[in-house]
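Topology and contacts: notes
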Amino acid sequence: MAGVKTAKDGIRSIVKIGYDGTVYKTFRGTDRDKRFANEVHVLQVLEARGCEFVPRLLDHDEETLTIATTNCGAPVEKLSETKTKELFDSLEDEYGVIHEDPFDRNITYNERLGRFCIIDFELAEVIDAKDENLNREANRTLSWCGLTRDGKRREGNQDNLSVFASETGQAKECELNGEKSIDEAGLIFAVSDGMGGHGGGEVASAVIVQELHRYLPAMMGDFKGNAQPLKLLESAVQSVNAHVGRVAKTDFRLENMGATLVCGLFYRTGLHFAHVGDSRMYRFRDDELKQLTHDHSFVGHLFQSGQINEREARMHPQRNILSQAVGARSSKVHPQVDHSTLQDGDWFLICSDGVIDGLWNKNIAEAFRDGVEKKQSAEEVAERLMEWSYSEAGKDDTTLFVVKVQG
């Protein structure tokens with residue numbers, strides 16, 4: 001393993017950190033094969049049960065007794081007994097795993113997640129989770145439908161959308177209407193809404209999607225997990241922004257071009273996403289709609305902080321003025337990056353602001369609610385959202401993905 005540093009060299013294991021943050025743990029000493037197998041099993045169960053404050057198992061080698069996991073941050077120097085007990089009790093009560101070594105030496109702090117995490121599960125015991133739904137195997141399949149329509153106020157379409165996988169480090173474009181398991185490899189969904197005169201918006205959104213096709217497979221391989229997916233998505237957006245800036249310099253008519261971007265990596269039991277601008281991502285779960293992204297605008301900030309409501313945001317005279325976008329002469333962008341667990345029955349909407357112009361949040365929730373009650377496909381829900389939005393507004397280009405998670 002080139003480019004690694006040793007973080008721990010003990011009797012029971014040696015732990016090394018790769019240049020990309022991947023944690024490699026090789027088991028030593030008494031019962032090393034049993035402890036190796038147990039930690040693999042426990043991490044697989046915790047992932048299946050959607051636990052977010054533990055490492056994700058990326059790979060394991062039975063010959064060398066080595067596991068590779070995501071990085072949960074730096075060890076804490078000291079944590080109160082109350083907080084330590086709270087963390088380990090949550091692991092047992094919510095996810096059915098008894099750690100068997102419940103001390104602060106097995107707790108880290110993940111700055112990117114903004115929370116404490118638990119590590120080292122070689123002695124842990126799996127019990128039945130109190131929530132029966134968590135005791136099922138995590139087999140995740142996505143079905144999706146992507147649609148776009150030209151706006152009425154101008155010719156052409158400045159939006160772009162794409163869903164793609166990766167094979168041997170090369171992007172593999174998928175159909176806009178499809179179904180695929182994400183147990184073995186992930187999928188990227190992306191929507192970009194361009195801006196800029198003389199066709200600059202259309203060029204910008206196309207360049208952004210093309211650069212994502214190049215960058216993400218090259219950095220992630222076959223989308224089979226990464227030690228620091230949020231950091232990688234953030235780097236991808238920075239790379240895309242720089243590339244749009246270089247292209248803009250090739251033609252004075254493109255110098256102000258830019259675009260929004262929302263992209264999500266769906267893999268196994270998790271979604272990691274990055275976002276710039278006012279295109280959006282929503283999740284519908286258990287009859288509740290949640291906006292996962294927040295608009296990068298003054299109005300978006302007011303709404304996010306609770307200073308104005310949805311009606312006031314929609315009527316605000318500055319609602320379309322963005323505080324940042326990809327390109328648009330920006331030397332650096334600060335994308336929102338975040339993650340969400342995936343549960344059987346989740347629905348996601350990834351869309352440009354053309355959809356939001358026509359639909360209130362309650363309308364989006366109603367479309368998903370009807371889809372659940374009538375057992376509709378992703379395509380049926382997507383078509384309803386598109387027709388409803390376009391009939392209510394339709395001036396701007398209207399683009400969306402509807403993604404359905406199935407166990």
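Note that the structure is predicted; figures quoted are calculated from it, not measured. The residue count restarts for each chain, going from 1 along the sequence in the order it is written. Reporting of local features is limited, given that this is a predicted model, to residues whose pLDDT is at least 70; pairs of side-chain atoms are given and counted only at 80 or more, and all residues count toward the totals for whole chains, interfaces and linings. Excluded from the side-chain calculations are hydrogens and water; all other atoms, namely the structure's heavy atoms, are used.

What to know about the overall build of the chain
When you go through the chain residue by residue, the secondary structure sums to nine helices and 24 strands. Its C-alpha atoms give the chain principal-axis dimensions of about 70 × 50 × 40 Å. Residue burial in the chain is summarised as follows: out of 407 residues, 53% are buried. Contacts spanning at least 24 positions in sequence make up 70% of the contacts within the chain whose residues lie at least 6 apart. Working definition of accessibility: Shrake-Rupley area with a 1.4 Å probe, residue cover restricted to the visible protein chains. With the model as given, the accessible surface of the chain reaches about 19400 Å², and the carbon-plus-sulfur share is 46%. Neither His nor the chain ends contribute to the count of charged residues, in which Lys and Arg are positive and Asp and Glu negative. In plain terms, the charge of a residue is placed at NZ if it is Lys, CZ if Arg, CG if Asp and CD if Glu. Charged side chains of the chain number 49 positive and 67 negative; the gap between the two group centres comes to 3 Å. Per the convention used, a helix needs a DSSP run of H or I reaching at least four residues, while a strand needs a run of E reaching at least two, with both numbered from the N terminus. Partly exposed residues are those whose accessible area sits between 20% and 50% of the maximum for their type, while under 20% is buried and over 50% is exposed, using a 1.4 Å probe and protein chains only. In what follows, a contact means two residues having at least one pair of non-hydrogen atoms within 4.5 Å.

Section: the sheet that holds strand E6 (residues 74-75)
Here, strands pair whenever DSSP counts at least two bridges between them. As summarised here, the arrangement of the three strands in space is E6-E8-E9, forming an open sheet in which the pairing is antiparallel. With partners counted over all chains shown, the strands left at the sheet margins are E6 and strand E9 (115-118), one partner each. Across two bridges, E6 lies against strand E8 (residues 107-110) in antiparallel orientation. Its bridge partner lying in E8, Ala-74 is registered against Tyr-109. Sheet strands in contact with helix H2 (residues 81-95) are E8 and E9, and its direction is about 60 degrees off that of E9. Structural elements are reduced to axes, namely lines fitted to C-alpha atoms, with helices fitted over the stretch in contact, and the angle between N-to-C directions of any two is expressed from 0 to 180 degrees.

Some thoughts on the sheet that holds strand E3 (residues 23-27)
Spatially, the five strands line up as an open sheet ordered E1-E2-E3-E5-E4, and their pairing is antiparallel. Only two strands of the sheet have a single neighbouring strand rather than two, namely strand E1 (5-9) and strand E4 (57-61). Averaged over neighbouring strand pairs, the angle between their axes works out to 20 degrees when direction is ignored. Two strands pair when backbone bridges link them, and strand E2 (residues 13-17) and E3 are joined in this way by five bridges, in the antiparallel orientation. Counted as the bridge partner of Ile-17 is Val-23 from E3.

Observations regarding the packing of aromatic side chains
When the centres of two rings from Phe, Tyr and Trp lie within 6.5 Å, Trp using its six-membered ring, the rings pair. Their planes under 30 degrees apart give stacked, over 60 give edge-to-face, and anything left gives tilted. Following the criterion strictly, the structure yields 10 aromatic pairs and no others. Measuring from ring centre to ring centre gives 5.9 Å for Phe-27 and Phe-36, while their planes differ by 80 degrees; the resulting arrangement is edge-to-face. For the pair Phe-27 and Phe-36, one class covers both residues: buried. Residues Phe-189 and Phe-401 carry aromatic rings whose centres are separated by 5.2 Å and whose planes lie at 85 degrees to one another, so their mutual orientation is edge-to-face. With Phe-189 in strand E15 (residues 187-195) and Phe-401 in strand E24 (residues 398-406), this residue pair connects regions lying 212 residues apart in the sequence. Comparing Phe-189 with Phe-401, the two get one shared label, buried. A network of ring pairs unites the aromatic residues Trp-144, Phe-189, Phe-266, Phe-348 and Phe-401 as a single cluster. Both a distance and an angle decide whether a charge sits over a ring: NZ of Lys or CZ of Arg must be within 6 Å of the ring centre and within 35 degrees of the ring normal. Over the ring of Tyr-390 we find Arg-149; its NZ or CZ atom is 3.8 Å from the centre of that ring. Positioned above the aromatic ring of Trp-360, the side-chain terminus of Arg-314 is 4.5 Å from the ring centre.

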